[in-house]
Amino acid sequence: MTRPVIIPVFLAAKEIMAEQFDVVIVGGGTGGYSCALRAAGLGLSVALVERAKVGGTCLHWGCVPTKALLHTAEVAESARHGSSIGVYTSCDGVNVDEIIAYKNGIVNANWKGLQATLKGKKVQTFEGQGTFTGPNTVSVVTDKGTVELEANKALVIATGSRPKELPFAPTDGEVIINSDHAMTLNRRPKNPIVLGASAVGIEFATVFKGWGADSVTVIEALDAVVPREDIDTQKVLTKALKKNGLDIHTGKMVKQVDRQGDQVVVTVDSGETFTGDLLMVAIGRGPVTDGMAIEATGATVDRGFVIVDEYCRTGVTFGNGGVQYAIGDVIPTLGLAHASFAEGLMVAEAIAGKAVTPIDYKGVPKVYYCEPEVGAVGWTEQELKEAGIEYEKSLFPFSHNARAQMLGGSGHVKVLAKKGGKVMGVHIVGKSATDLIAEGEMIYNWEALPMDVAQFVHAHPTLSEAVGEAHMKLAGRDLHG
């Protein structure tokens, strides 16, 4: 019997073909997923690359979980002070493990909802580390292997940000922490120190105090808390924070940080030292572009930020009319989740061929969830002076508002208007300022005159009446101011 002869066959290596989509978005945070959902809703095929969990910083490490923690602090403070209104309550303490579990429940519910929404819109999500391989291509290492993605119409860079660190005070997640570490905190600090008095720093200082810390020290290098905000906001907020028991130190540059067992000692440029059982470094966030071969995209990068025009275009084009964009914390704009959301929507609509309007970042509200809250939109008084713009202003105190008196709130509504012209800025310090600023946003963005707003009828008794009365003062219809 003749045996069959086996002839080896050598096949040429087959080139790996990339999966093609109209839009490839790298980064599943607020900017990335909003862009993905809107683009998919406009009939485009969309790939969304996320190395961790869709929702990004805002959902898992920032906006949502921190507000959950702030709510627990608010409940604890309300219980402690119930007797001031004849309700005898007390706070027997806080259980940090249970608080973190409560926070996780809020986050997970929103995460599952987002996943379902992306799936329902037919957005294809790729979980894994992405590396840019060209102006419109990305290689993604997933748990199932490497996937090559190619964008035909647009590549969107939305890689987000991470907490900044001090080179002489690296975080260890135990005694020296950042805001990410705080999301899994397993103890209640007794005398924490917070570096930075902008949103993250002031909000976590409020949390620690609400949880019952013996003392909370806040150190800010610049000359005021919430340094980007209006001068009267800074003054009123500083006074209120000190009244609430926070030890505020502004204009102090940290020179040295020493961990000594379970304590940390902070030395500032004046020679003063501060000792605590926890140091939170809250000095801002930096863009995430390193380790992803961002240079392969051809985009211009400055200090880690991707540089874009007013339409979030990087200036890089590819193929037959393809356009590259960047959005969110990776570009040098406001670094706010809702600004990223707006950028994502604008870019998605531009990709779909719709007419879009560039974002006026002055018209994007800024909010701080400390106690009292802060909401701001438009120009500050300092900025108007620096620009040489003649202006008028009015300030209506919440002490003249019945609803605010019931809530024990302090603060004010301040309105700035171009002399004889439109409203240029609305600045609110007080209870529910983060919600009240929505009206200020509409007033600013619709270029309303003070007299236009003075005609509005606000419900009584509400905090919103203060917004109306601040405009009434500018319109010459002052009642209670």
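Throughout this description, residue numbers start from 1 for each chain and increase along the sequence as written. Per-residue local features are limited, in this predicted model, to residues with pLDDT of at least 70; the limit for side-chain atom pairs, both in listing and counting, is 80 or more; totals at the level of whole chains, interfaces and linings are taken over all residues. As a convention, hydrogens and water are excluded, and side-chain values are obtained from all of the structure's heavy atoms.

Trainee: Help me get a handle on the overall build of the protein, residues and values and all.
Mentor: Note on conventions: DSSP H or I runs of at least 4 residues are helices, E runs of at least 2 residues are strands, and numbering of each starts at the N terminus. The number of helices and strands found in the protein is 13 helices and 25 strands. In terms of principal-axis extent, the alpha carbons of the protein reach across some 110 × 60 × 45 Å. Relative accessibility thresholds used throughout: buried, under 20% of the residue-type maximum; exposed, over 50%; partly exposed, between the two (1.4 Å probe, protein chains only). Out of the 481 residues belonging to the protein, those deemed buried represent 50%. Across the protein, the mean location of the 44 positive side-chain charges is 2 Å away from that of the 54 negative side-chain charges. Counted as positive: Lys and Arg. Counted as negative: Asp and Glu, with His and the chain ends omitted from the count. For charged residues, the charge sits on one atom: NZ in Lys, CZ in Arg, CG in Asp, CD in Glu.

Trainee: Break down the sheet that holds strand β11 (residues 246–250) for me, with residues and values.
Mentor: One open sheet holds the five strands; their spatial order is β8-β15-β9-β10-β11, and the pairing between them is parallel. If you trace the sheet from one side to the other, it starts and ends with β8 (176–177) and β11, each paired once. Together, β9 (192–195), β10 (216–220), β11 and β15 (278–281) form the strand contacts of helix α6 (residues 199–210), whose direction differs from that of β10 by roughly 170 degrees. We treat two strands as partners when DSSP finds at least two bridges between them. Whether two residues are in contact is decided by their heavy atoms, any of which lying within 4.5 Å being enough. Simply put, an axis is a line fit to the C-alpha atoms, just over the touching stretch for a helix, and the angle between two N-to-C directions goes from 0 to 180 degrees.

Trainee: Mind laying out the side chain of histidine 60, listing which residues take part and the relevant values?
Mentor: Summarising the element assignment, histidine 60 is placed in helix α2 (residues 56–60). What makes histidine 60 buried here is its relative accessible area of 11%.

Trainee: Mind laying out unusual backbone geometry, listing which residues take part and the relevant values?
Mentor: Following glutamate 371, the chain continues into proline 372 via a peptide bond in cis, with omega recorded as 5 degrees. Residue placement: proline 372 occurs in the loop between β21 (366–368) and β22 (373–378). Backbone torsion omega between histidine 460 and proline 461 reads -5 degrees, so that peptide bond is classified as cis. Structurally, proline 461 is set in the loop between α12 (450–454) and α13 (464–474).

Trainee: Which residues make up the nonpolar core, and what values do they have?
Mentor: Throughout this description, the term nonpolar core refers to a set of buried Ala, Val, Leu, Ile, Met, Phe, Trp, Tyr and Cys residues connected via side-chain atoms within 4.5 Å. Judged by nonpolar contacts, the single largest core of 51 residues is most densely connected at Val24, Ile25, Val46, Leu118, Leu149 and Val156. Elements with a contribution of two residues or more to this core: β1 (19–26), α1 (30–41), β2 (46–50), α4 (96–120), β5 (137–142), β6 (145–157), β20 (322–326) and α8 (337–351). Take this core: its biggest share by element is seven residues, from β6. With near-sequence residues (within four places) excluded, isoleucine 25 lies in contact with Gly32, Cys35, Ala36, Val46, Ala47, Leu48, Val49, Val156 and Ala158. Within the second largest apolar cluster, 34 residues are counted, among which are Leu69, Phe208, Met280 and Val429.

Trainee: An account of the packing of aromatic side chains is requested, with residue identities and associated values reported.
Mentor: Within 6.5 Å between ring centres, the rings of Phe, Tyr and Trp (the latter by its six-membered ring) count as paired, and their orientation is classed by plane angle as stacked under 30 degrees, edge-to-face over 60, tilted in between. Applying the stated rule across the entire model yields three aromatic pairs. Taken together, a centroid distance of 6.0 Å and an interplanar angle of 80 degrees make the contact between phenylalanine 21 and phenylalanine 126 edge-to-face. You can see phenylalanine 21 sitting in strand β1 and its partner phenylalanine 126 sitting in strand β3 (residues 124–127), a full 105 residues away along the chain. The same class applies to phenylalanine 21 as to phenylalanine 126, namely buried. Summarising the aromatic geometry, the rings of phenylalanine 204 and phenylalanine 208 are spaced 6.1 Å apart at their centres and angled 40 degrees between planes, so their arrangement reads as tilted. Here the residue phenylalanine 204 and the residue phenylalanine 208 both occupy positions in helix α6, the gap between them amounting to four residues, near one helical turn. One aromatic cluster is present, formed by Phe204, Phe208 and Trp211 through successive ring pairs. Whether a charge lies above a ring is judged from NZ of Lys or CZ of Arg, which has to be within 6 Å of the ring centre and within 35 degrees of the ring normal. Directly above the aromatic system of tryptophan 111 lies the positively charged group of lysine 53, at a separation of 4.5 Å from the ring centroid. A cation over an aromatic ring shows up here: lysine 362 above the ring of tryptophan 379, its NZ or CZ 4.8 Å from the ring centre.

Trainee: Just give me the short version of the packing of helix α3 (residues 63–80) against α4, but keep the residues and values in it.
Mentor: Running from amino to carboxyl end, α3 crosses α4 at an angle of 140 degrees, the nearest separation of the two axes being 9 Å. By the angle between their directions, the pair α3 and α4 is classed as oblique. Relative to α4, α3 is oriented so that their crossing is right-handed. Facing Val64, Pro65, Ala68, Leu69, His71 and Thr72 of α3, the residues of α4 in contact are Ile99, Ile100, Tyr102, Lys103, Ile106 and Val107. Residue polarity follows a fixed list, in which Ala, Val, Leu, Ile, Met, Phe, Trp, Tyr, Cys and Pro are nonpolar, Asp, Glu, Lys and Arg are charged, and the others, Gly among them, are polar. Tallied by class, residues from the contact of α3 with α4 come to nine nonpolar, two polar and one charged. For classification, angles of less than 35 degrees are called roughly parallel, those exceeding 145 degrees roughly antiparallel, those between 65 and 115 degrees roughly perpendicular, and all remaining angles oblique. By the definition used in this description, the sense in which the near helix is turned from the far one sets the handedness, with an anticlockwise turn below a right angle giving left-handed and a clockwise turn giving right-handed.

Trainee: Quick rundown of helix α11 (residues 433–445)? Include the residues and the values.
Mentor: A helix is expected to reach a length of 1.5 Å times the quantity of its residues less one. Here α11 spans 18 Å end to end across 13 residues, near enough to the 18 Å set by a 1.5 Å rise per residue. Among the residues of α11, Ala433, Thr434, Leu436, Ile437, Glu439, Gly440, Ile443 and Tyr444 are the ones counted as buried. Next to the buried residues of α11 lie β21, β22, β25 (423–430), α12 and α13.

Trainee: I'd love a proper account of the sheet that holds strand β14 (residues 273–276), names of residues and values included.
Mentor: The strand order β12-β13-β14 describes an open sheet built from three strands, whose pairing is antiparallel. The sheet terminates laterally at β12 (254–260) and β14, the two strands that pair on one side only. With direction set aside, neighbouring strand axes in the sheet form an average angle of 15 degrees. In this structure, strand β13 (residues 263–268) lies alongside β14, joined through four bridges in antiparallel fashion.

Trainee: Describe the confidence of the model for the protein, listing the residues and the values that go with them.
Mentor: When the pLDDT values of the protein are averaged, the result is 93; 96% of them are 70 or greater. One confidence number per residue, pLDDT, is output by the predictor and ranges from 0 to 100. Every residue in residues 1–15 is under pLDDT 50, and counting partners more than four places away or in other chains gives zero contacts.

Trainee: A description of the packing of α1 against α4 should follow, citing residues and the corresponding values.
Mentor: As a packed pair, α1 and α4 sit with axes 9 Å apart at the nearest point and diverge in direction by 35 degrees. For α1 against α4, the interelement crossing comes out left-handed. Two secondary-structure elements touch here, α1 through Tyr33, Ala36 and Leu37 and α4 through Leu114, Thr117 and Leu118. Along the lines of polarity and charge, the residues of the contact of α1 with α4 split into five nonpolar, one polar and no charged.

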